[in-house]
Amino acid sequence: MGLISILFTRGFIFIFLHSVYGDLSYTVPEETKHQYVIGHLAKDLGIDGKRLSARKARVETEDSAKRYCDINLSSGNLVVAETIDREKICGSRISCIVNYELVLENPLEVHRISLQIEDVNDNSPVFPNDRISFEITESADKGERFPLEEAHDLDIGRNAVQGYSLEKNEHFILSVHENADGGKSATLVLEKELDREKQKDMNLILTAFDGGNPPKSGTAVIHVTVLDANDNIPVFSQPVYRVSLAENTALGTEVITVSATDADEGANGEVTYELSRLSDHSEKIFSLDKITGKITVSANIDYEDEKYFEMRVQAKDGPGLVSSSKIIIDITDINDNEPRIILKSLNDPIPENSVAGTEVAIINVQDKDSGDNRHVHCHIQQDVPFKLSPSIKNYFSLITTSMLDREKESDYNITITATDGGSPPLSTSMTIHLSVSDVNDNPPVFEQQSYTAYVMENNKPGTSISSVTARDPDWRQNGTVLYSLVPSEINGLPVSSFLSINSDTGVIQAVRSFDYEKFRNFKVQVVARDNGSPPLSSNVTVSVFISDENDNSPQILYPAPEGKSLMTEMVPKAALSGSLVSKVIAVDADSGQNAWLSYQIVKSTDPGLFIIGLHSGEIGCSEGHY
Ligand SMILES: *[C@@H]1O[C@H](CO)[C@@H](O)[C@H](O)[C@H]1NC(C)=O
Ligand SMILES: *[C@@H]1O[C@H](CO)[C@@H](O)[C@H](O)[C@H]1NC(C)=O
Ligand SMILES: *[C@@H]1O[C@H](CO)[C@@H](O)[C@H](O)[C@H]1NC(C)=O
Ligand SMILES: *[C@@H]1O[C@H](CO)[C@@H](O)[C@H](O)[C@H]1NC(C)=O
């Protein structure tokens, strides 16, 4: 080898050769085009360019390797035969030299040609993957490091990777350092803690740049997935759930749905619910869907039993972080209890002469509901002489409003209805049966104002001559009528010697036989008396009329029947026909027709001489009496 002075300038190496027979050395940048002049070969060899052709100058390769240069025989220059890719030939080797042989004939000369291939920044840094994925839990601490894959640049030296930069972001910075082999690599450093609940993933652009002029760069996307840490507890939508629920709500009805959210992900954020701190009783009444948080009614709710429920509900996430909230269920009353009427006392029977305002019964009304549903008012349905008088605390007195009259109405069915103030109202009825007891307040009353009896004289003693009847509407003995005669005298004799009365039936009988000719009528007083105590009575007059019977014969008063059986009357001879001779006078003790008399001549010595008046009893001369 001859003397070589090498001058480094920026990017180019010039080598000057001074030995004719020595080797030729050239520097050529890669990527130059066909015919690019590498060097003035003829001149460097010190021969006329035109001779090259005559000496059959040619470039030969060893081992039939590829020949990247050639000789332009007309210009005498060494030129690029085919574009050279340094990286293809030498890879990452710093020095890239290809050797050829220059062969000349006549005389044979062989020169070694070394082509130093110079790097050109024709390659950009490239990441092995253009997408770099990391999964980092949100609990990762500040300063935690995440090494990144190195970017490669096929170029060498300054044209290789010189550094990295990271897109500006909130959480990560980049730390770049030199490897043992001189390469540069980067590490992602957590600068500010992650919060998955704020941002669950991010894309950061990582750039690798080389030192070329101009520099080239390559990028990759760092995709960071923030993994959840169970760093959130479930949070209820309300600290207290308060709800009103009517009693008797149908089973299965939703009471309320509680809801808690957990900002974590997956199982860390999956919330299940559970009731706690509830009595055995309320445990039966309410059921909670563990998953949905829906609380439903599972047994009948009775306001009268329990007016209020309080319990706690717990929300738990997968790993078991827990929070709780309170549930208050106020039960509202429904008018589901009808009023109850309780008879506390009863005065039965009640005497009919009780004064208005007499207390008959005491009742009490109750209703298990509350408020208006409990407010009960009572009334009596029928038109009866009773009313309810309110007393203290749902007590009522049943009192009379007027005097009663057993003889008109002997018993009452008093229906009391109690109605509450619900909507719709409920009511109950109770019937009190009340009897009116008797008081002897009615005297017997005769059916007629007076009675008249007719009796034939000569009657048999014991004959019934009449009957009186009196009525008394009172009860039993107070209404039992007894008859009697009012003591008096008739013609100086006690009335009892004339008449008797059956005290039970009122039938009046004659005690003796009456004689019309002695007296024709008389009056008696009959008393009807009830059996009350004291008794009440009334009287009536019975007039007795005795009828005549033809029990007396006429009696001739004139001529006197005693002694002489003959009556002598002197009649003048010349007495005129029709002149009165005498008169027969007779009487009859009977009356009426029984006392009507008629006369007849029974026997005469000289019939036809005298006549007698049929009714007058006058005896006169007949015609022809001379
Ligand atoms: C060789 O060089 C001459 C002169 O510079 C030029 O005119 C010619 O085109 C070149 N030949 C080839 C094959 O490029
Ligand atoms: C009262 O009710 C009873 C039994 O239903 C019945 O026998 C009676 O006649 C009723 N009395 C009145 C006054 O309605
Ligand atoms: C008859 O009336 C009296 C009161 O005048 C009364 O005490 C008595 O109980 C009544 N008798 C009957 C059977 O009702
Ligand atoms: C008969 O009744 C009248 C009128 O009611 C009364 O004045 C009289 O005293 C009564 N007589 C007797 C004997 O009861």
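Read on for an overview of the structure.

How each quantity is defined
- Residues numbered from 1 in each chain as written.
- Chains lettered and ligands numbered in written order.
- Predicted model: local features only at pLDDT ≥ 70, side-chain atom pairs only at ≥ 80, totals over all residues.
- Heavy atoms only, no water.
- Core = buried A, V, L, I, M, F, W, Y, C linked by side-chain atoms within 4.5 Å.
- Buried < 20%, exposed > 50% of the residue type's maximum accessible area, 1.4 Å probe, protein only.
- Helix = DSSP H or I, 4+ residues; strand = E, 2+ residues; numbered from the N terminus.
- Pairing = 2+ DSSP bridges.
- Axes fitted to C-alpha atoms, helices over the stretch in contact; angles between N-to-C directions.
- Salt bridge = Lys/Arg side-chain N within 4 Å of Asp/Glu carboxyl O.
- Near = heavy atom within 4 Å.
- Polar contact = N/O pair within 3.5 Å; in protein donor to acceptor, adjacent residues only side chain to side chain.
- Areas by Shrake-Rupley, 256 points an atom, 1.4 Å probe, with all protein chains shown as cover.
- Nonpolar A, V, L, I, M, F, W, Y, C, P; charged D, E, K, R; others polar.

Notes on the nonpolar core
Stage number 1. By size, the foremost hydrophobic cluster in this structure holds 28 residues, and its most contacted members are Leu499, Phe522 and Val526.
Stage number 2. Those elements that place two or more of their residues in this core are strand 35 (450-456), strand 38 (481-485), strand 41 (499-501), strand 42 (507-510), strand 43 (521-530) and strand 44 (537-547).
Stage number 3. Membership of the second largest hydrophobic core comes to 26 residues, among which are Val255, Ile256, Val313 and Ile331.

Let's talk about the sheet that holds strand 26 (residues 340-346)
Stage number 1. A sheet is described by the order of its strands in space; here four strands give the open sequence 26-28-31-30, paired in antiparallel fashion. Only two strands of the sheet have a single neighbouring strand rather than two, namely strand 26 and strand 30 (386-390). When the angles between neighbouring strand axes are averaged without regard to direction, this sheet yields 30 degrees.
Stage number 2. Where strand 30 meets strand 31 (residues 395-400), five bridges bridge the pair, whose relative direction is antiparallel. Note that in strand 31 the partner of lysine 387 across the bridge is isoleucine 399.

Some thoughts on the pattern of salt bridges
Stage number 1. Evaluated as defined, the whole model comprises 16 salt bridges.
Stage number 2. Across the salt bridge formed by arginine 55 and glutamate 109, the nearest N and O atoms sit 3.1 Å from each other. Highlighted residues: arginine 55 in the loop between helix 2 (49-54) and strand 5 (58-60) and glutamate 109 in strand 9 (residues 109-118), separated in sequence by 54 residues. When sorted by exposure, arginine 55 lands in the same class as glutamate 109, which is buried.
Stage number 3. Between arginine 196 and glutamate 197 there is a salt bridge whose closest N-O contact spans 3.1 Å.
Stage number 4. Taking the relative accessible area as the measure of exposure, arginine 196 reaches 9% and is therefore buried.

A short note on the pairing of strand 35
Stage number 1. Burial along strand 35 is one-sided: Tyr451, Ala453 and Val455 are buried, while Ser450, Thr452, Tyr454 and Met456, pointing the other way, are not.
Stage number 2. Sheet topology note: the strand 35/strand 44 ladder contains seven bridges and is parallel. What sits directly across from methionine 456, in strand 44, is serine 547.

Some points on the site of ligand 1
Stage number 1. Taken together, Gln35, Asn72, Ser74 and Ser75 make up the full set of residues near ligand 1.
Stage number 2. One nitrogen or oxygen atom from the side chain of asparagine 72 is found 2.3 Å from an oxygen atom belonging to ligand 1.
Stage number 3. Burial of ligand 1 by the surrounding chains reaches 34%, relative to a free accessible area of 360 Å².

Quick look at the site of ligand 3
Stage number 1. The immediate surroundings of ligand 3 are formed by Asp438, Val439, Asn440, Trp475, Arg476, Gln477 and Asn478.
Stage number 2. In the environment of ligand 3, an oxygen atom lies 3.1 Å from a nitrogen or oxygen atom belonging to the backbone of asparagine 440.
Stage number 3. Taking 360 Å² as the accessible area of ligand 3 by itself, protein coverage stands at 58%.
Stage number 4. Each residue belonging to the shell around ligand 3 can be placed in one class, and the counts come to two nonpolar, three polar and two charged.

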